[in-house]
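The lines below spell out each chain.
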Amino acid sequence: MDSAQVLTPAREDLIRRTLESVAALAIKHTKIIRELTDEYSAKYGTRFKYEYSPETFSQTEPDFALEVCEAVKAAWGKAGTGDERIIFNLPATVEIAPPNHYADQVEYFCQHISEREKIAISLHPHNDRGQGMAAAELALLAGGDRVEGCLFGNGERTGNVDLVNLALNFYTQGVSPNLDFSDIQSVIEVVTACNELPIHPRHPYAGELVFTAFSGSHQDAIKKGFEAQRIRHAEAAKKGELQYWDIPYLPIDPADIGCTYEAVIRVNAQSGKAGIAYLVQQHLGLDLPRKMQVAFYQVVQDIADREAREMRPEDITTAFRETYHFGSSKYEGRLVLKSFKISSEPSPDTTGSDEQPADERRLFDGTISVDGALRVMRGDGNGPLSALLDALRTHLDIDFIIREYAEHSIGEGSNVKAASYVELVRGGQDIKDARKATESWWGVGVDSDIAGSGLRAVLSAVNSAIGDRELPELKLNVGFNAKSAQSDVANAILNSLQLELPRRLQGSFFEVVQRAARGTGGELSYSDLIKVFRETYNYEQPDPNAKIQLKKFKMKSVGDNGHKNFSGQFIWDGQPRDLTGQGNGSLSAILTVLNSQIDGTLSVREYAEHSIGEGSDVQAVSYVELAYNVEGQKRRTAWGIATDTDITASGLRAAVSAANKLGIVQKQ
């Protein structure tokens, strides 16, 4: 490359001699290069291409630049077509004029150089005026064949033209630059490591903020653009057509250069509801109703204003989970749905006809954790959600009505789930007032069952509404026309004590509960219910009226038929007794012992068992119902319940517990 500069007096003869000397200099050196390349090609087989650059092209008279290049081409003498073309590199060594001036100079050169087909016009723009990119693009339109530049615009002074920027500009217009930037981050890492110069956050295509929108209006446009494109691409896929990228404020798909949509929308105090809703949709799969977007937007803005910082996606999702008690147990509210069943029955206010069936009511039967305690609730309404609200109104004095409901699916195929959104307002007002109410609470629920997602959404909203207000103690209504049934009592015992009562024991204890509730108008609190159970069956507490106590025992198998030999130490009416007996099992063996000491006979009417706890804390629970027959007397029955780490021991102690409740009579 010849970079000679000359100074000449303003006389025609001297000017001509000066220009001739410069041209002769270029010719001389080109001939030297030709001689050497010919020599080394013959000697080593190396193939050479020749590039000549009039260094100050953009500051040179166009005709003189042509004259010099024509002379160089003639001196080279080997310019051909295709790969044999000579390269004339036309630099804007120092950018001193608007980009169209440079393009005009390139166009003039392309139109007036001879044997154009044997020449590759190379462009070499600099960026002194910040217009190197425009100069390169205009000059390519003017006839340029190639561009010399640097990755990310590095170079002397303000740098050479940015090849990454230039290439991706063409890419956005549907022109392949034949450069692969599908993993632009790896390119950034190599360049910054070599140059030790960082990439500016706003650098086109490569900066960390180039695909980021903070503005609320921009975020709204991007969100709507993605929604419209999703529909457009689905229709194009059905028709087998191309799927074009067309999103406001995003001239290129970030995925095309190896970027994600993670930072497309970021949130600070200037952001709008659409951007926040977009992040919730991207990270949680939830397409929030517009009014819920407004409600949650205020939550995020309050946090952003208070903390005066950008809200990251994880900040947004955490705030959402905490606000709506959504997700794992970490975010659960005071009321948590544990299980439920929805059934239906004909509405008592309507009758059907041959043309139209009678309206049906929905019944909610469920277990809800209330401040950590499992409670059984029941309600009815014209749908599952109103039935749950009726249950909350009846059992907890929580009164709300639904003003708005929305739903959509998440996922596809066997993994599809339902997402439900509920807006609640205070109950006790007519529909007109409810619609105008300014205070409301939103909730969200996700479940594989649409009814379950709706119920969870209701509780999500209720948790926000009740805050930390004190809730009334839950009570069972077991009196006349009671809402609480035998199964409700059994569920309460299961939830509180983990005891799965056999069906007959459920019925027996329900009668005990009804008698206990007579003095309170048929109502019984959960704590009182558990107290009645413990006292009735002396569960995990001593029996002050026990005649018989089993202190220690041994059980041995006899023969191959499974018979058992029992030997044990008892306290009977305060006196120690060592007793033995045999039976075809452990229960029949101890009954043999007991029957040897009493008038009448004891027999097992029902036996059940299961385990409670986990791991090293697991225990066996046994339920034994004994029948006591004495000649001339009505048969009596009683249940015994006992726990022990040993299943045999729990069964024996349950049998003794039942025997103590039967008023057995010792032999005289």
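To start, this report covers the structure provided alongside it. All residue numbers refer to position in the chain's written sequence, counted from 1. pLDDT decides what is reported in this predicted model: residues at 70 or higher carry local features, side-chain atom pairs at 80 or more are listed and counted, and totals for whole chains, interfaces and linings draw on all residues regardless. For the side-chain quantities, the full set of heavy atoms in the structure was used; hydrogens and water were omitted.

**As for the pattern of salt bridges**
(1) Moving on: The working definition used for a salt bridge is a side-chain nitrogen of Lys or Arg within 4 Å of a carboxyl oxygen of Asp or Glu. For the structure on display, the rule yields 30 salt bridges.
(2) Moving on: Of the charged contacts, one joins Glu360 and Arg362 as a salt bridge, the two residues approaching to 3.3 Å between their closest N and O atoms.
(3) Moving on: One salt bridge in this structure joins Arg605 and Glu625, with 3.3 Å as the shortest N-O distance. Separated by 20 residues along the polypeptide, Arg605 in strand S17 (residues 601–612) and Glu625 in strand S18 (residues 619–629) bring together distant segments of the chain.
(4) Moving on: A residue is classified by how much of its surface remains accessible, and Arg605, at 39% relative accessible area, is partly exposed.
(5) Moving on: Salt bridges linked by common partners bring Glu70, Lys73, Glu115 and Lys118 together as one network. Strands are runs of DSSP state E lasting at least 2 residues, helices are runs of H or I lasting at least 4, and numbering of each runs from the N terminus. Relative accessible area decides the class of each residue, using a 1.4 Å probe on protein chains only: under 20% of the type maximum gives buried, over 50% gives exposed, and in between gives partly exposed.

**Some thoughts on the pairing of S18**
Along a regular strand, successive side chains alternate from one face of the sheet to the other.
(1) Moving on: For S18, a buried count of 9 out of 11 residues is recorded, marking the element as mostly surrounded by other parts of the structure.
(2) Moving on: Strand pairing is assigned whenever DSSP identifies at least 2 bridges connecting the two strands. Both S17 and S18 contribute to a ladder of 11 bridges, which runs antiparallel. Bridged to Ala608 within S18 is Tyr623.
(3) Moving on: Hairpin connection between S17 and S18: a loop of 6 residues separates the two successive antiparallel strands, and Gly613 in this loop has a positive phi of roughly 85°.
(4) Moving on: Where S18 meets strand S19 (residues 636–644), 9 bridges bridge the pair, whose relative direction is antiparallel. Bridge pairing links Tyr623 to Ile641 in S19.
(5) Moving on: Remark: 6 residues form the turn of the hairpin made by S18 and S19, two consecutive strands paired antiparallel; Gly632 in that turn has positive phi of roughly 85°.

**Details of helix H3 (residues 99–112)**
Structurally, the α-helix is built with 3.6 residues per turn, so residues lying three or four positions apart point the same way.
(1) Moving on: One less than the residue count of a helix, multiplied by 1.5 Å, gives the span that helix is expected to have. Between its first and last C-alpha, H3 extends 20 Å over 14 residues, near the 20 Å set by a 1.5 Å rise per residue.
(2) Moving on: Every buried residue of H3 is listed here: Pro99, Tyr102, Ala103, Gln105, Val106, Phe109 and Cys110. Take H3 and look down its axis: the buried residues cluster within an arc of 160°, on one side only.
(3) Moving on: Note on contacts: a residue pair qualifies if any of its non-hydrogen atoms lie within 4.5 Å across the two residues. Buried residues along H3 sit against helix H2 (62–76), strand S2 (86–92), strand S3 (119–125) and helix H4 (132–141). In this description, the arc belongs to the directions extending from the helix axis to the C-beta atoms.

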